[in-house]
Amino acid sequence: MSITVQDRATEKTRGGALRSGPTGGMDAHGVDLSANPADRIEKTTCYMCACRCGINVYLKDDKVRYIEGNRDHPVNKGVLCGKGSAGIMQHYSPARLKAPMIRVGPRGSGEFKEISWEEALKTATGWLAKVRADDPRKLAFFTGRDQSQSLTGWWAIKYGTPNYAAHGGFCSVNMAAAGLYTFGGSFWEFGEPDWEHAKYFVLFGVAEDHASNPIKIGLGKLKARGAKMVSVNPIRTGYNAIADEWVGIRPGTDGAFVGALIHELLRTQRIDLDYLVRYTNAPWLVIESPGAADHGMFVRDEKGIALAFDKLLGKLVPAEGPDVVPQLSGAVTLQDGRNAVPVFQKIAERYLGDEYSPERAEAECGVPAETTRRIADEIAKVAFEQTVTLDIPWTDIHGRRHEKMVGRPVAMHAMRGISAHSNGFHTCRLIHILQILLGSIDVPGGFRYKPPYPKEIPPRIKPTGKPGQVNANEPLPGPHLGFPTAPGDLLIDAAGTPQRIDKAYSWDAPLAAHGMMHMVIANASRGDPYPIDTLFMYMANMSWNSSMNVPDTLRGLTDKNPETGEYKIPRIIYSDAFYSEMVPYADLILPDTTYLERWDCISILDRPISEPDAACDSIRHPIVEPDRDVRPFQSVLLDLGARLKLPGLVKEDGSPQFPGGYADYIVNHERAPGIGPLAGWRGNGDSFGKGAPNPDQLNRYIANGGFHAHHLPPSQHYFKHANKEYLDWAASVGFRAADAKMTFQLYCEPLQAFRLAAQGHGPVQPPEMHRQRIATYFDPLPFWYQPFEGTMVDTAEFPMHAITQRPMHMYHSWGSQNAWLRQITGQNRLYLSRTRGKALGVADDDWVWISSHLGRVRCQVRLMDGVNDLTAWTWNAIGKRRGAWGLSDDAPEATRGFLLNHLISELLPEKGGYRYSNSDPITGQAAWYDLRVKIEKAAPEAVEESAPYFEPLADPVGRPRPAVLNYGAAFKEPAE
Ligand code: SF4
């Protein structure tokens, strides 16, 4: 919806006061600072980070003048962060690509020539058609943090390659997968703390500003109510700096700390047994028969229904029945004479052991045992003595009516600091189990699901790409990414060889639910497990800050086959809006638009923007015409699909199915009958979720400020996993299958199925080399173990941990060079504690070498309080390569900025003749934060610059690289 300036002048704030815009006249640079710097205001969705806030964009003469938050938007409610307002400079970045290009010099040289779109699309179609007709596996199609994965994944299915994923494998798949296998949700897009009612909040491993505005708003609410906030993080910056208590834990040891909290809650018998009986598999019986093929599996009846022992009836009964009075401890003798024990008994045995005592945690985490005991006590007191009761009647899945909603007001949130370790999956499960033991999932004051969550536990969908499922010129018969529950679901051949180029869903990483993008270039360049022909990527800076081991990644991108002289990855197609470090390493460049120049769809089929009380989705729409020869990637992908004649992308007569590009697809594509990318205003405009395509749908979104929110009635606000009214509605709109099971899986039987295979049971077993690893890590109850790198390198030589985070003003800002934001941070430093600095003999701005088993980096240090003494850290992705991002060669980002990526190996050291990826053994999540380092003061050098040195990248089109970017100067009328 366009708003005229006149409309705006009379628009009132919620508080009733007139809003005023920036005031003043022209400043010294000729920038218009007047009250109404716009002739129209467009409402759309921010893309400066992953939060997807609503924004009002002020435009004058079709130039972007000002961005503010949309007060009506469900995500940010008017709040705008520094990144969001700096979107102007992203849009006018000098690094924007200007036209399609084809490489004319060697890879990495940056020598390109501009070509027409027709030539670019013909070239891409030729390459892709040949691969599809030969062996579709030879296309690897991977995208970064784009927000159109429901489209890109669907396109890859129609193309027929199994090699598709987005960035989740190198971001936070541990958090997502652990949650989905445990309680059908997770944090971030899946759910959030009950900001309105929580009284105690624990924040684990959340960097600086992850989930920016929503968390800031939430923390503000907590602080206003006086709720206690505890931060568990090696670094006390960002959100952690406003915590009431900071637990400066050692990286990678959070699982030991959470295990000790569970130990204390069990020891003091402060857990919610009623909640466990009602909503979890705590009463389910587990077969105790070591050596048998069903050892550790649930006792089930002939229909496969899990059983519990009813104490009143004195017999086995279906565990999920409404009135079961289950035995939770001890053992039960089965009819065949074997023993079985309830899951809760196994939990008690595991976590009451000395291994999870606060003293053991202290030895690993550095957190005093007394602190752990006190925090456990505080949590228990709030959970059990300060319950929150809402007078809202609701009905459970058994049809029982409850007059009130009663909750335990302890909430938690965790993210990548927990997730990006090789023990991350189990640590995430431990955090989820801690919440469940307290009875705080989807209750007032606890964690709250956001629709369409909760999902079935785990979701029923299986990965596709087994032998026989990938055929020339055919689509895949199913989706790429799913949730294996047994070895038969893996994408391997009879010999156990991985079928995907990233080795996801193989014995290397059986539950790799987001793929393993961090391994694609390394594996493809080694031809392991097979060579590919074309690497097609979107919005992923894989030759720089998104890859482990940058020098080796560059080698992988440029290595040639000595016999043929051809690159080992023969063709690389890349789409990006900016001249990032990745562009010079591609052969064909498809330039994307900025987020203000295109359609986008933030779909409930993908990663929606829902709130706990409302199912929401949103759009972006073009509010500025591109002034360059660029096209939106999503429309280009649809065009390529039509040229390739992919099923679903062409009509019967061979013409494009979506001639109107992405907007056409958003409105008219149906994933299932009546279900499309946008859930709002379907059918004749009054249907939500399911309904025929509505040609007026996008207009309705634009008129509503770019989003749709379907508000849930209060009776559906909590207990969504067991709330009949909510679950029936969720099934009616396609969010879940009607028979989906929602019982929380404290004990994860699928993991035991893999462990049994490793112990020699079942038709699909791991090759000998993988057996011990699978048997060890596929434990159905979570456990803490040392991150791998620390067990494989000499920790006497590399005594410190090194981790990274993005600065608050650049968090998740993947198009990461911005003229305004770089004025806040143009150079990163290595942060150390003051005591560590003293021990090393270094002071602020001294140069040091930081070394890992892989290599070393030279950089400057800063000393600080508020960092774990064994931890060094820095801002990620500040360091840039000379020549990229439109920066001058002497920009501080290039001369003094640095990346720790050069120190992080994509492979673990060799063991038993094999090198596993540097990842979690269950999900394949990249273990960025396992890095072990040593730090030494550097000798003075003639030129004080960071190292290693990378040759400057050439600018392919002679683009000016202005030393100073004057915002608005270009808008001025030229002088007479
Ligand atoms: S950058 Fe992120 S948090 Fe900031 S306004 Fe944009 S979407 Fe919201």
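That block above? That's the structure.
Because the structure is a prediction, the values reported are computed rather than measured.

Reading guide: rules and limits
- Residues numbered from 1 in each chain as written.
- Predicted model: local features only at pLDDT ≥ 70, side-chain atom pairs only at ≥ 80, totals over all residues.
- Heavy atoms only, no water.
- Buried < 20%, exposed > 50% of the residue type's maximum accessible area, 1.4 Å probe, protein only.
- Helix = DSSP H or I, 4+ residues; strand = E, 2+ residues; numbered from the N terminus.
- Contact = heavy atoms within 4.5 Å.
- Core = buried A, V, L, I, M, F, W, Y, C linked by side-chain atoms within 4.5 Å.
- Polar contact = N/O pair within 3.5 Å; in protein donor to acceptor, adjacent residues only side chain to side chain.
- Near = heavy atom within 4 Å.
- Nonpolar A, V, L, I, M, F, W, Y, C, P; charged D, E, K, R; others polar.
- Pairing = 2+ DSSP bridges.
- Axes fitted to C-alpha atoms, helices over the stretch in contact; angles between N-to-C directions.
- Salt bridge = Lys/Arg side-chain N within 4 Å of Asp/Glu carboxyl O.

We now examine helix α6 (residues 173-182). With 10 of 10 residues buried, α6 is to be regarded as a mostly interior element. For α6, every residue scored as buried is listed here: V173, N174, M175, A176, A177, A178, G179, L180, Y181 and T182. Looking at the packing, one finds that the buried side of α6 touches β22 (410-414), α13 (416-419), α14 (424-438) and α21 (749-758). Phi turns positive one or two residues past the end of α6, at G184, with a value near 70°.

The buried fraction of helix α18 (residues 661-668) amounts to seven of the eight residues, a majority that puts the element mostly inside the structure. Within the span of α18, buried status applies to G661, Y662, A663, D664, Y665, I666 and V667.

Within the largest apolar cluster, 139 residues are counted, with the highest numbers of intra-cluster contacts made by F204, F257, I262 and F744. Ranked by residues supplied to this core, first place goes to α14 with nine residues. If sequence neighbours within four positions are ignored, F257 has contacts with F204, V232, I249, A361, C365, V367, T372 and I375. Formed by 76 residues, the second largest nonpolar core is a distinct cluster that contains M517, W873, L899 and L953.

All right, on to the side chain of S148 then. For S148, the location among the structural elements is in the loop between β7 (139-143) and α5 (149-159). At a separation of 2.6 Å, a polar atom in the side chain of S148 contacts the side chain of D146. Among all residues touching S148, those that are not within four sequence positions of it are D606, Q634 and Y662.

It is worth spelling out the site of the ligand at this point. Close to the ligand lie C46, M48, C49, C51, R52, C53, L80, C81, K83, G84, S212 and N213. Mapped by element, the contributors of at least two residues to the shell around the ligand are α2 (82-85) and α7 (212-225). Split into classes, the residues belonging to the shell around the ligand amount to seven nonpolar, three polar and two charged.

Overall, mixed pairing links the seven strands, which are arranged β6-β5-β26-β25-β24-β7-β8 in an open sheet. In this open sheet, the two strands that pair with only one neighbour each are β6 (112-114) and β8 (164-165). The pairing of strand β5 (residues 101-103) with β6 spans three bridges and is classified as antiparallel. By the bridge assignment, R103 is partnered in β6 with F112. Across the sheet, α5 lies against β7, β8 and β24 (534-538), angled at about 175° from β7, the strand it touches most.

To continue, consider the pattern of salt bridges. Applying the stated criterion across every chain, the model contains 65 salt bridges. Put simply, R40 and E42 hold a salt bridge, and the shortest N to O gap is 2.9 Å. Note on R40: relative accessible area 18%, which makes it buried. Assessed through its relative accessible area of 7%, E42 is described here as buried. Between R374 and E378 there is a salt bridge whose closest N-O contact spans 3.0 Å. Here R374 pairs with E378, and both are found in helix α12 (residues 369-385), just four residues apart, close to one helical turn.

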